[in-house]
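# Summary of structural features
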Amino acid sequence: ILFKDITPVLGDAAAFSAALDALVAYAAPRGVTRVVGVEARGFILGAALAARMNLGFVPARKPGKLPAEVDRVTYALEYGSDGLELHVGSFAAGERVLVVDDVIATGGTAAAAISLAERQGAVVAGAAFLIELAFLGGRARLPPATDVFAVLTF
């Protein structure tokens, strides 16, 4: 298991702003109306991006943490399984969303978030990450039509 620490980027105002600028440049031409942030570090990037773009933010949470009726998907991890949930009715039919997380590694979490958004009628305009660990092949686990962007690729 490889972990990448994004806290130095978050703790440096110029670096964090530059990362958000790159995410805005990617998201703006895609007609996005909401940002889906994946728990937990995707909340940091996704909420900041949504605020900067004056968009709504939707949290994709681990099971059991959302208070209203949820839609859930379970997915395999390299070390077990996990799940993600969205509130039922998070999107209007055809709404264009951007899925955001800190890192795409093997792609399971991102694929689950995309699946949930699409199941609720959203159109996933793209998936954006601060870091892509390309050697783990995560893009290949996402639906083929998914446009993927990473600020940094290793």
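Look a little higher up for the structure.
Fair warning: this is a prediction, and the values are worked out from it, not measured in the lab. (Residues numbered from 1 in each chain as written. Predicted model: local features only at pLDDT ≥ 70, side-chain atom pairs only at ≥ 80, totals over all residues. Heavy atoms only, no water.)

## With respect to the nonpolar core
Looking at soluble globular proteins, one finds that nonpolar side chains tend to be buried together. Within the largest apolar cluster, 26 residues are counted, with the highest numbers of intra-cluster contacts made by Val36, Leu84, Leu86, Phe91, Val97, Val99 and Leu142. Going through the elements one at a time, strand S1 (34–38), strand S2 (56–60), strand S3 (70–77), strand S4 (80–87), strand S5 (96–104), helix H4 (108–119) and strand S6 (123–132) are the ones with two or more residues in this core. Looking at which element gives the most residues to this core, the answer is H4, with seven residues. When neighbours within four sequence positions are excluded, phenylalanine 91 is seen to be in contact with Arg34, Val36, Val58, Leu86, Val97, Ala117, Gln120 and Ala122. Residues Tyr26, Ala50, Leu55 and Ile131 belong to the second largest nonpolar core, which totals 22 residues. (Core = buried A, V, L, I, M, F, W, Y, C linked by side-chain atoms within 4.5 Å. Buried < 20%, exposed > 50% of the residue type's maximum accessible area, 1.4 Å probe, protein only. Helix = DSSP H or I, 4+ residues; strand = E, 2+ residues; numbered from the N terminus. Contact = heavy atoms within 4.5 Å.)

## Brief notes about the pairing of S3
Residues Asp71, Val73, Tyr75 and Leu77 point to one face of S3 and are all buried, whereas Val70, Arg72, Thr74 and Ala76, pointing to the other face, are not buried. Inspection of the sheet shows S3 paired to S4 by eight bridges, in the antiparallel sense. Each residue of the ladder has a partner; that of arginine 72, found in S4, is glutamate 85. Here S3 folds back onto S4 in antiparallel fashion, the turn holding two residues. (Pairing = 2+ DSSP bridges.)

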